Amino acid sequence: MKIGFIGCGNMAKAMINGILSSGQAPKENIMASAKTEATRNKIREQLGIRAAESNREAVEFADVVFLAVKPQYFEEVLTEIRPSVSKQIFVSIAPGKTLAWLQERLGDSVKIIRTMPNTPAMVGAGMTGLCKNELVTHEEAEMVCRLCDSFGKTEIVPESLIDVVVGVSGSSPAYVFLFLEAMADAAVADGMPRAQAYKFAAQAVMGSAKLMLETGEHPGVLKDMVCSPAGTTIEAVRVLEEKGLRSAVIEAQRACVKKAKGL
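Here's a quick rundown of the structure. (Residues numbered from 1 in each chain as written. Predicted model: local features only at pLDDT ≥ 70, side-chain atom pairs only at ≥ 80, totals over all residues. Heavy atoms only, no water.)

1. A short note on the packing of aromatic side chains
Thinking step 1. Inspection of every chain in the model, using the stated rule, returns one aromatic pair.
Thinking step 2. Their ring planes at 10° and their centres at 4.9 Å tell us that Phe5 and Phe66 sit as a pair that is stacked. Separated by 61 residues along the polypeptide, Phe5 in strand β1 (residues 3–6) and Phe66 in strand β4 (residues 64–67) bring together distant segments of the chain. Accessibility assignment for this pair places Phe5 and Phe66 in one class, buried.
Thinking step 3. Over the face of the ring belonging to Trp101 we find Lys97, whose NZ or CZ atom lies 4.4 Å from the ring centre. (Phe/Tyr/Trp six-rings, centres within 6.5 Å; stacked < 30°, edge-to-face > 60°. Helix = DSSP H or I, 4+ residues; strand = E, 2+ residues; numbered from the N terminus. Buried < 20%, exposed > 50% of the residue type's maximum accessible area, 1.4 Å probe, protein only. Lys NZ or Arg CZ within 6 Å of the ring centre and 35° of its normal.)

Here's what the structure looks like:
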């Protein structure tokens, strides 16, 4: 299997590193395009893969093509590569570009998959939602899932939920970082050095997520385990509820999904 990347930004690099580390494709079977010679040289030097002189070259090389450019450039890129489209599977990582929109620009007979990865893919801990058009077989979808699993976890969802994926995992690292920063600020206000505060906060969040995933317990049950009667934690939880943390998160995430839907 040969894999092409249209664009080689941070997300594409994370994906390529994951695919290489997992051994799913050797370096000579991966090609990425970039606008400038300087960037193409970095692709060769830092990743060790092939660098395409044009987007069409990457498409013609590949069996699976990841469309890893920013959404505002999609129209231009798809117009450019359409003459090179044949039997490839095209995988988009852009929010807001529907399967129908992509098919209209690539062709009615083209196999298309939409994905929504997130930035923790950069450390092999990403979460990716995936949906496909009716031309993509179950086996082909599973193959793309395995590629995405190389830099995290992947779940197949109906396209009607892909914008929800944007809110719950695609954009949510930003919410988590905001929460982490606030936790650290509070610790600094109480006298802890900032670098140490970030470490305590980050490890607590990572460990909490790991505990939920590995035990399978409901988050409310795990929260109750920490909240002793008349203790310190329940007092903190009381203030968070009073200040509307739960409602703020729900409203923020729904606003994110609304934006992703273009509403």
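Having seen the structure, we can now continue with the description.
2. Comments concerning the packing of helix α4 (residues 74–81) against helix α5 (residues 99–106)
Thinking step 1. As a packed pair, α4 and α5 sit with axes 9 Å apart at the nearest point and diverge in direction by 40°. On the basis of their axis angle, the class for α4 and α5 is oblique. When α4 is examined against α5, the residues Phe74, Glu75, Leu78 and Ile81 are found in contact with a partner set consisting of Trp101, Leu102, Arg105 and Leu106.
Thinking step 2. Residue composition of the contact of α4 with α5, by class: six nonpolar, no polar and two charged. (Axes fitted to C-alpha atoms, helices over the stretch in contact; angles between N-to-C directions. Parallel < 35°, antiparallel > 145°, perpendicular 65-115°, else oblique. Contact = heavy atoms within 4.5 Å. Nonpolar A, V, L, I, M, F, W, Y, C, P; charged D, E, K, R; others polar.)

3. Re the state of the cysteines
Thinking step 1. Scanning the model with the defined rule gives zero disulfides in all.
Thinking step 2. Of the cysteine sulfurs around Cys8, a residue in no disulfide, the closest is that of Cys148, at 16 Å. (Disulfide = S-S within 2.5 Å.)

4. A look at the packing of helix α7 (residues 162–170) against helix α8 (residues 172–189)
Thinking step 1. Between α7 and α8, whose axes approach to 6 Å, the crossing angle comes to 25°. The pairing of α7 with α8 is recorded here as roughly parallel in orientation. In this structure, α7 contributes Val166, Gly167, Val168, Ser169 and Gly170 to the contact, and α8 contributes Ser172, Pro173 and Tyr175.
Thinking step 2. Each residue belonging to the contact of α7 with α8 can be placed in one class, and the counts come to four nonpolar, four polar and no charged.

5. Overview of the sheet that holds β4
Thinking step 1. Here eight strands make up an open sheet; going across it, the order is β3-β2-β1-β4-β5-β6-β7-β8 and the pairing mixed. Of all strands in the sheet, those with a lone pairing partner are β3 (50–52) and β8 (152–156), marking the two edges. Direction aside, neighbouring strands of the sheet carry axes that sit 25° apart on average.
Thinking step 2. Bridging between β4 and strand β5 (residues 89–92) involves four bridges; their strand directions are parallel. In the sheet register, Val64 faces β5, and the bridge partner there is Ile89.
Thinking step 3. Of the strands in this sheet, β1, β2 (30–33) and β4 touch helix α1 (residues 10–22), which is tilted by about 165° from β1.
Thinking step 4. Against the sheet, helix α2 (residues 37–47) contacts β2 and β3, and its axis sits at roughly 165° relative to β3. (Pairing = 2+ DSSP bridges.)

6. With respect to helix α12 (residues 245–260)
Thinking step 1. In this model α12 runs 23 Å from its N-terminal to its C-terminal C-alpha over 16 residues, within 8% of the 22 Å that 1.5 Å per residue would give.
Thinking step 2. Every buried residue of α12 is listed here: Cys256, Val257 and Ala260. Looking straight down α12, one finds its buried side chains confined to an arc of 95°; they lie on one side. Of the exposed residues in α12, the ones pointing more than 90 degrees away from its buried face are Arg254 and Lys259.
Thinking step 3. Contacts made by the buried residues of α12 are with α7 and α8.
Thinking step 4. Just beyond α12, the residue with positive phi is Gly262, at close to 80°. (Expected span 1.5 Å × (residues − 1). Arc of directions from axis to C-beta.)

7. A word on the pairing of β1
Thinking step 1. On β1, burial covers both faces: Ile3 and Phe5 on one face and Gly4 and Ile6 on the other are all buried.
Thinking step 2. Pairing between β1 and β2: four bridges, direction parallel. By the bridge assignment for β2, Phe5 is matched with Ala32.

8. Considerations on a nonpolar patch on the surface
Thinking step 1. Together, Leu161, Val164 and Val168 make up a nonpolar patch on the protein surface, roughly 220 Å² of accessible area in all.
Thinking step 2. Note on placement: Val168 falls in helix α7. (Patch = residues over 30% accessible without salt bridge, like charges linked within 9 Å, V, L, I, M, F, W, Y side chains within 5 Å. Areas by Shrake-Rupley, 256 points an atom, 1.4 Å probe, with all protein chains shown as cover. Salt bridge = Lys/Arg side-chain N within 4 Å of Asp/Glu carboxyl O.)

9. Comments concerning the pairing of strand β7 (residues 126–132)
Thinking step 1. The buried count for β7 comes to five of seven residues, which makes it a mostly enclosed element.
Thinking step 2. With four bridges joining them, strand β6 (residues 111–116) and β7 adopt antiparallel strand pairing. What sits directly across from Ile113, in β7, is Lys132.
Thinking step 3. Where β7 meets β8, five bridges bridge the pair, whose relative direction is parallel. By the bridge assignment, Thr128 is partnered in β8 with Thr154.
Thinking step 4. Regarding topology, helix α6 (residues 138–149) serves as the crossover connection from β7 to the parallel β8, and that connection is right-handed. (Right-handed = clockwise from strand over helix to strand, strands pointing away.)

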